[in-house]
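Fold and contact review
Okay, here's what each chain looks like letter by letter:
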Amino acid sequence: MLVPRFQLLLSLTGIGSGLHTSIPGTCKSYPGTPSWPSAATWAALNQTLDGRLLQPPPPGAVCHPGQPTYNASQCANVTEEWKTYDFHAANPISVMWDKFDNFTCLPEQNTTCSPAGYPAYVVNASCAEHVKIGIDFARKYNIRLNVKNTGHDYLGRSNSPGSLSIWTHHLNKITYNEGQFKLQGSGKVISGNSFTVGGGSQMYDIYAAADKHNQTIVGGGAKSVGVGGYITGGGHSILAPRHGLAADNVWEMEIVTPGGDILTVNEDRHPDLFWAMRGGGGSTFGIITSATLKSYPSPKVTGVTIMIITDPKESFVFDLITYIVSQMPSLMKQGFSGYNIITKDMEIPIQEPGIPDRVAGFMGKCILQDVDDPEAVSKAFHPINETIQKRWPNRVQFYTTLEQYDSFLAWFDKNYDTNQAGGSLYLVSRLLDGEVLTGNTEALKNALQVGMSGSSRSMEAFMVGGKGVQEATPRGGSNAVNPAWRTAYVHALNGEPFGPFNKSEEQRAKEILEREFQPLRDLTPRGGAYINEAFPFEKDWQQTFWGSNYAKLLKIKRRVDPTDVFWCSPCVGNERWQVRQDGRLCKI
Ligand SMILES: Cc1cc2nc3c(=O)[nH]c(=O)nc-3n(C[C@H](O)[C@H](O)[C@H](O)COP(=O)(O)OP(=O)(O)OC[C@H]3O[C@@H](n4cnc5c(N)ncnc54)[C@H](O)[C@@H]3O)c2cc1C
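Source: prediction; values computed, not measured. Numbers given for residues are sequential positions, taken from 1 along each chain in its written order. Where local features are concerned, this predicted model is filtered to residues with pLDDT of at least 70; where side-chain atom pairs are given and counted, the filter is 80 or more; whole-chain, interface and lining totals use all residues. Water and hydrogen atoms play no part in the side-chain values, which are based on all heavy atoms of the structure.

1. Digging into the packing of aromatic side chains
The relative placement of two aromatic rings is captured by the distance of their centres and the angle of their planes. Two aromatic rings from Phe, Tyr or Trp, using only the six-membered ring of Trp, form a pair when their centres are within 6.5 Å; if the ring planes differ by under 30 degrees the pair is stacked, by over 60 it is edge-to-face, and anything between is tilted. Inspection of the entire model under this criterion finds 28 aromatic pairs. Measuring from ring centre to ring centre gives 5.3 Å for Trp 97 and Tyr 154, while their planes differ by 15°; the resulting arrangement is stacked. Taken together, the positions of Trp 97 in the loop between helix H4 (85-89) and strand S2 (121-124) and Tyr 154 in the loop between strand S3 (145-148) and strand S4 (164-167) put the pair 57 residues apart, joining distant regions of the chain. Where Trp 541 meets Tyr 550, the ring centres are 6.0 Å apart and the plane angle is 85°; that geometry is what we call edge-to-face. Taken as a pair, Trp 541 and Tyr 550 share a single burial class, namely buried. An aromatic cluster of three or more residues is present, and its members are Tyr 204, Tyr 207, Phe 408, Trp 411, Phe 412 and Tyr 416. Here the guanidinium or amino end of Lys 510 rests over the ring plane of Phe 537, the centre of that ring lying 4.3 Å away. Whether a charge lies above a ring is judged from NZ of Lys or CZ of Arg, which has to be within 6 Å of the ring centre and within 35 degrees of the ring normal. Cation over ring: Lys 552 sits above Trp 275, and NZ or CZ is 3.9 Å from the ring centre. The secondary structure listing takes helices from DSSP runs of H or I that are at least 4 residues long and strands from runs of E that are at least 2 residues long, numbered from the N terminus. Only protein chains enter the calculation, and the probe is 1.4 Å; a residue is then buried if its accessible area is under 20% of its type maximum, exposed if over 50%, and partly exposed in between.

Encoded structure:
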């Protein structure tokens, strides 16, 4: 039988007693309050779901002797696994970044552990009907609804304390549609290859399935990122400069709306929802249960590792960095895309004879696709190196390493994101267009200098915009992706970590990120940021994440979700509610 663990916890602590009932109807129902459904009601829900309602213990509880799931040997495993993306993705409630469960149960014995930072119940969905049942229940009982796929989200949108969570992880069927795809409803036939993937599918599974047909899709740089959050945010990719963002490559989706309708949306059927679901943000307009994604012949990939580095003590460090950054649009026009770090001072990631331990400059992991010319890389970088050697003779070292791969998957297998989960950080992002990158050099130099004033002393400058994104032709003519992408070449981003339970360090991280990207904001007054890798506390967030699309998105949100069944932050239409100090979501 399901035990109402929140009810127990809150009655013991006294939290959540009479206080909230004095303002009925203004807050979402919360565990331990009178409006919270009874154990019998939850048990009935479990029955309707064929036993797929979960009440998972906090994953870190195995390390806490007072907890029912305490297990010293499992604790050692969980502590180790906590650093991996796969651990959190495979757990119904765990998320990658500790901050977002409010540090309520870390796998560390000397801290406290309670379930209060996590959803109260989870629908372990394996079909659209399960999702519908969960949404209908949350709407009927006025319960905060959460949507979790992998828990990768950098803005904390996939965890909500005291909620009913829909876990989409097992919606992961992948089907190949060869040659053509018929839209439901209109019957219109789109020619070309595509994959219909479950809303919980993860990048590597799709890449691997596509590779079996010598195909690939526009996908992200980590194996475990999931389709649901990735596509709804836009989805950048090392393949985007050629083929557009992931959201630009969606042909059709099956979604479950806030009203509980299971709909197929495409350019001819519910076109406004189809538009909003591609870039308008996750857990806002509905839950994707499946999506059909255009695929492409897998390219032959030339992997290019580039280092243009100097001594961090050199006075021209920022002139060098600014010059290289200004060359990015030109490099992208020649077919380069990739993930770069620019730094004023960092430890060199690879040890090579003759390279100092600490360096400043540029380090990139780039690719060219389907290029036959063996000289393509040296031709592109020759003029750049020439200028550098002319301006700073013998003071800058230039390295390139080339590797050939027969397919995108072969390249990805060697170059996927190998960073760690666990810990906490906030990010900040700005999309940079050609005017900013190649225009006023002094202004750009100043912005990059301030942009690296945080603890990393570096910044990432991803070449993931460019022609494919700027000239994308999404089905139906457009989608809700931030218009700032349509002029962008570079997605600039930075992060600032902070430790657990340290409010002042967290506040400091926020202040650093707010401050260090201000010059880039000032340089791009009509620009914006990438919602999925952004600063959650952007002051003008509606404009920053959705620009001129915001007004239309808000109208759609109010129509499809008049009572705010879905709520998250920062998300379209969330202005009418706020999370109170006691964790409850209440109307403002
Ligand atoms: C290591 C790492 C690498 C990354 N690489 C890239 C990259 O290369 N390109 C890129 O663009 N981004 C990248 N991201 C950012 C990524 O796009 C976001 O973290 C995204 O939110 C992940 O989506 P998810 O579904 O996996 O995660 P979750 O955290 O589970 O969900 C994210 C958001 O989407 C909602 N959501 C989840 N599933 C659904 C669904 N089926 N329907 C509706 N809403 C849903 C959630 O409620 C939440 O709001 C990366 C992130 C990490 C941590």
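2. Side note on the site of the ligand
The local shell around the ligand holds 33 residues, among which Val 147, Asn 149, Thr 150, Ser 158 and Tyr 530 are the closest. Polar contact criterion, stated in full: a pair of N or O atoms within 3.5 Å, where within protein one must be able to donate a hydrogen and the other to accept it, and residues adjacent in sequence count only if both atoms are side-chain atoms. Note that an oxygen atom of the ligand is positioned 3.5 Å from one of the backbone N or O atoms of Tyr 230. If the ligand stood free it would expose 940 Å²; the protein chains cover 99% of that surface. Of all the elements in the fold, those that place two or more residues in the shell around the ligand are S3, helix H7 (227-233) and strand S12 (287-294). Considering each element in turn, the shell around the ligand owes the most residues, three residues, to H7. Its residues assigned to classes, the shell around the ligand comprises ten nonpolar, 18 polar and five charged. The cutoff for a nearby residue is simple: one of its non-hydrogen atoms must lie within 4 Å of the molecule or strand. Only the protein chains shown count as cover for residues, with accessible areas throughout obtained via the Shrake-Rupley method and a probe of 1.4 Å. When residues are sorted by character, Ala, Val, Leu, Ile, Met, Phe, Trp, Tyr, Cys and Pro go into the nonpolar class, Asp, Glu, Lys and Arg into the charged class, and all the rest, Gly among them, into the polar class.

3. Re unusual backbone geometry
Here the residue pair Ser 569 and Pro 570 is connected by a cis peptide bond, since its omega of 0° sits within 30 degrees of zero. Within the secondary structure layout, Pro 570 lies in the loop between helix H20 (550-560) and strand S21 (577-579). In this structure, Asp 370 takes a positive phi of about 50° despite not being glycine. Positionally, Asp 370 belongs in the loop between strand S16 (358-369) and helix H12 (376-391). Taking relative accessible area as the criterion, Asp 370 reaches 39% and is therefore assigned partly exposed.

4. A few points about the state of the cysteines
Here, a disulfide means two cysteine sulfur atoms that sit within 2.5 Å of each other. In total, this model carries four disulfides according to the counting rule given. At a sulfur-sulfur separation of 2.1 Å, the disulfide partner of Cys 27 is Cys 586. The disulfide joining Cys 27 to Cys 586 has a torsion of about 100° about its S-S bond and is therefore right-handed. Pair noted here: Cys 27 is in the loop between helix H1 (5-13) and helix H2 (39-48) and Cys 586 is in strand S22 (residues 585-587), with a separation of 559 residues, a long-range link. With respect to burial, Cys 27 and Cys 586 carry one shared label: buried. What pairs with Cys 105 in a disulfide is Cys 113, and their sulfur atoms sit 2.1 Å apart.

5. Remarks on the sheet that holds strand S10 (residues 250-256)
Strand order in the open sheet made by the five strands is S5-S8-S12-S10-S11, with antiparallel pairing throughout. Looking at which strands have only one partner, the edges of the open sheet turn out to be strand S5 (174-177) and strand S11 (262-265). Strand after strand, the sheet turns through a mean of 15° between neighbouring axes, direction not considered. DSSP bridges decide pairing: two strands pair if at least two such bridges lie between them. In the sheet, strand S8 (residues 194-198) pairs with S12 via five bridges, with the strands oriented antiparallel. The residue of S12 that forms the bridge with Val 197 is Ala 291. Only heavy atoms enter the contact rule, under which two residues are in contact if any of them lie within 4.5 Å. Only C-alpha atoms enter the line fits that serve as axes; for helices the fit covers just the stretch in contact. Angles between N-to-C directions range over 0 to 180 degrees. In this fold helix H5 (residues 128-140) packs onto S10, S11 and S12, with an angle of close to 50° to the strand it touches most, S10.

6. Structural notes on the domain arrangement of the protein
Bear in mind that the domain bounds are from an automatic or database domain assignment. According to the domain assignment, the protein contains domain 1 (5-170), domain 2 (174-297) and domain 3 (301-548). The gap between the C-alpha centroids of domain 1 and domain 3 is 36 Å. Taken together, the contact between domain 1 and domain 3 spans 16 residues of the former and 22 residues of the latter. Throughout, buried area stands for the accessible area (probe radius 1.4 Å) lost by two parts on being put together, summed over both. Together domain 1 and domain 3 conceal approximately 1600 Å² of surface at their shared face, both sides included; 62% is due to carbon and sulfur atoms. Together, Phe 103, Tyr 154 and Leu 155 form the three largest contributors to the area buried by domain 1 at its contact with domain 3, with a combined 38%. Here a salt bridge means any side-chain nitrogen of Lys or Arg lying within 4 Å of a carboxyl oxygen belonging to Asp or Glu. The tally of links from domain 1 across to domain 3 stands at one salt bridge. Inspection of the region where domain 1 meets domain 3 yields eight residue pairs in polar contact (both at pLDDT 80 or more).

7. Remarks on the sheet that holds S2
Spatial ordering of the open sheet is given by S1-S2-S4-S3, a layout of four strands whose pairing is mixed. Sheet topology places strand S1 (53-54) and S3 at the edges, where each strand pairs with a single neighbour. As judged from the four bridges shared by S2 and S4, these two strands associate in the parallel manner. Paired with Tyr 121 across the two strands is Leu 164, which belongs to S4. Seen against the sheet, H5 touches S2, S3 and S4 and runs at an angle of roughly 165° to S4.

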